[in-house]
Amino acid sequence: MNKLLRDTIFSRLFGLAMAAVVISHIITFILLFVFLGDHRPPPPPAHMPQHHPGGILHGPFLGFCLSMAIQLLLLAIAAWAGSRSLARPMQQLAEAASKLGKHKEPLAIPETGPAEARQSARVFNQMQERLFQQMEERERFLAAVSHDLRTPLTRIKLRIEQLHNEAGEKLLDDVEEMRLMLDATLNYLRGSEESAQMLDVTSLAAAIVDNMQDEGKAVSMHGEARPLMALPNELRRCISNLLENAIAYGKTALISLYDSQHELLIIIEDQGPGIPEAELEKVFAPFVRLAVSRNRNTGGVGLGLSIAREIARRHQASLILKNRPGNQGLMVELRLPRN
């Protein structure tokens, strides 16, 4: 019984429905009593012509039609009010969830409405607080790790430079590799706070291709696209990582732009050995490298594809790897939606 008396979605729906039914029946009873009551005028004298009322709009039928119309109207008003009252808290929750992570501070939503809606809003606000606290702790942790690890690496590098022998040069290479791994890992964990803006993707891709060609890399470009809402630096990094990956394993790379009304499709193809079908999804995991690439020159850190997919997700885009037909290399599809 206590559950029925609480301010819940069930109690609100039940109360609105019962109120509409009771009020409509009371009005129906009154109208029927008025129209069906004996309120007809006295009959005319016998010498006068008799006029018998006719037609479908005679008293009882008219009262019945009015009562039905009023019932429908009251039920429609009750349904509208109930739907509006119940849907509004859920709409606020959905809007807040869609904006989660786009602001530097948590945006609390009002804890109003039925008990279920208030509980959902309260839990969501608590979750936001915990998430932002964890993000702040992560930033402090990354800053501390960055400082604590770079300092000994710098000291090691300075001391190795004093050796002036072949072993010292190899040790310097190891220290430089460790520094690159540290920078890539911290950048991957740190994420980005960049804001979206209209971006000329054609010019961005052309600039990346030109820079790589100046470095002597076999990269070419095909197609063009209209401007798109995107994170400029993040998208540049994503495309650069994919092209660098294609060059590292396929020697050549071709980037193609295919524009449409709903999305922009970016395809990057190489002529390398491809990836076994069973490992096409595994290579997106952080620090995962294929056995054939585990060397200093081509292996990298194992974060290039992970960072590229994370950037794609920030754009609500998809990033898919496919082997080209006939074992002619690897093909990467980046689908950016036009919102």
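Chains are numbered independently. Their residues run from 1 in the order of the written sequence. Whole-chain, interface and lining totals are the exception, using all residues; otherwise, since this is a predicted model, local features are given only for residues with pLDDT of at least 70 and side-chain atom pairs are given and counted only at 80 or more. Hydrogens and waters are ignored; side-chain quantities use all the structure's heavy atoms.

Fitting a line to C-alpha atoms yields each axis, with helices limited to the stretch in contact; the angle taken between N-to-C directions then spans 0 to 180 degrees. A run of DSSP states H or I qualifies as a helix once it reaches four residues; a run of E qualifies as a strand once it reaches two. Both are numbered from the N-terminal end. Axis separation between helix 7 (residues 232–250) and helix 8 (residues 304–314) bottoms out at 9 Å; the angle between their running directions is 145 degrees. Crossing geometry of helix 7 relative to helix 8 is assigned as left-handed. Across the interface between the two elements, Glu234, Leu235, Arg237, Cys238, Asn241, Leu242 and Asn245 from helix 7 touch Gly304, Leu305, Ile307, Ala308, Ile311 and Arg314 from helix 8. Polar here means any residue outside two lists: the nonpolar Ala, Val, Leu, Ile, Met, Phe, Trp, Tyr, Cys and Pro, and the charged Asp, Glu, Lys and Arg; Gly therefore counts as polar. Of the residues belonging to the contact of helix 7 with helix 8, the class tally is seven nonpolar, three polar and three charged. When the near helix sits turned anticlockwise from the far one by under a right angle, the crossing is termed left-handed; a clockwise turn instead gives a right-handed crossing. The contact rule is simple, with two residues in contact once any of their heavy atoms fall within 4.5 Å.

This part takes up helix 6 (residues 201–214). Across its 14 residues, helix 6 extends 20 Å between first and last C-alpha, which sits within 8% of the 20 Å expected from 1.5 Å per residue. Of all the positions in helix 6, only Val201, Thr202, Leu204, Ala205, Ile208, Val209 and Met212 are classed as buried. Buried positions in helix 6, seen along its axis, are confined to an arc of 165 degrees and lie on one side of it. Contacts made by the buried residues of helix 6 are with strand 1 (197–199), strand 2 (218–222), strand 3 (228–230), helix 7, strand 4 (252–259) and strand 5 (263–270). For helix 6, the N-terminal cap is Asp200; the gap from its side-chain oxygen to the backbone nitrogen of Thr202 is 3.3 Å. Count one or two residues on from helix 6 and you reach Gly216, which has phi positive near 85 degrees. Multiplying 1.5 Å by the helix residue count minus one yields the expected span of that helix. Throughout this description, buried means an accessible area under 20% of the type-specific maximum (1.4 Å probe, protein chains only), exposed means over 50%, and partly exposed covers the range between. This arc corresponds to the set of directions leading from the helix axis out to the C-beta atoms. As used in this structure description, the phrase polar contact means that two N or O atoms lie within 3.5 Å; if the pair is within protein, one of them must be able to donate a hydrogen and the other to accept it, and residues adjacent in sequence are counted only when both atoms belong to side chains.

On to the sheet that holds strand 2. Sheet architecture is open: five strands sit in the order 2-4-5-7-6, paired in mixed fashion. Each having just a single partner strand, strand 2 and strand 6 (318–323) make up the two edges of the open sheet. Going from strand to strand, the sheet's axes swing by 15 degrees on average, the running direction of each strand aside. The pairing of strand 2 with strand 4 spans five bridges and is classified as parallel. Residue pairing in the sheet places His222 in a bridge with Ser256 of strand 4. The sheet strands contacting helix 6 are strand 2, strand 4 and strand 5, and the helix crosses strand 2 at an angle near 160 degrees. In this analysis, strands are considered paired if DSSP registers two or more bridges between them.

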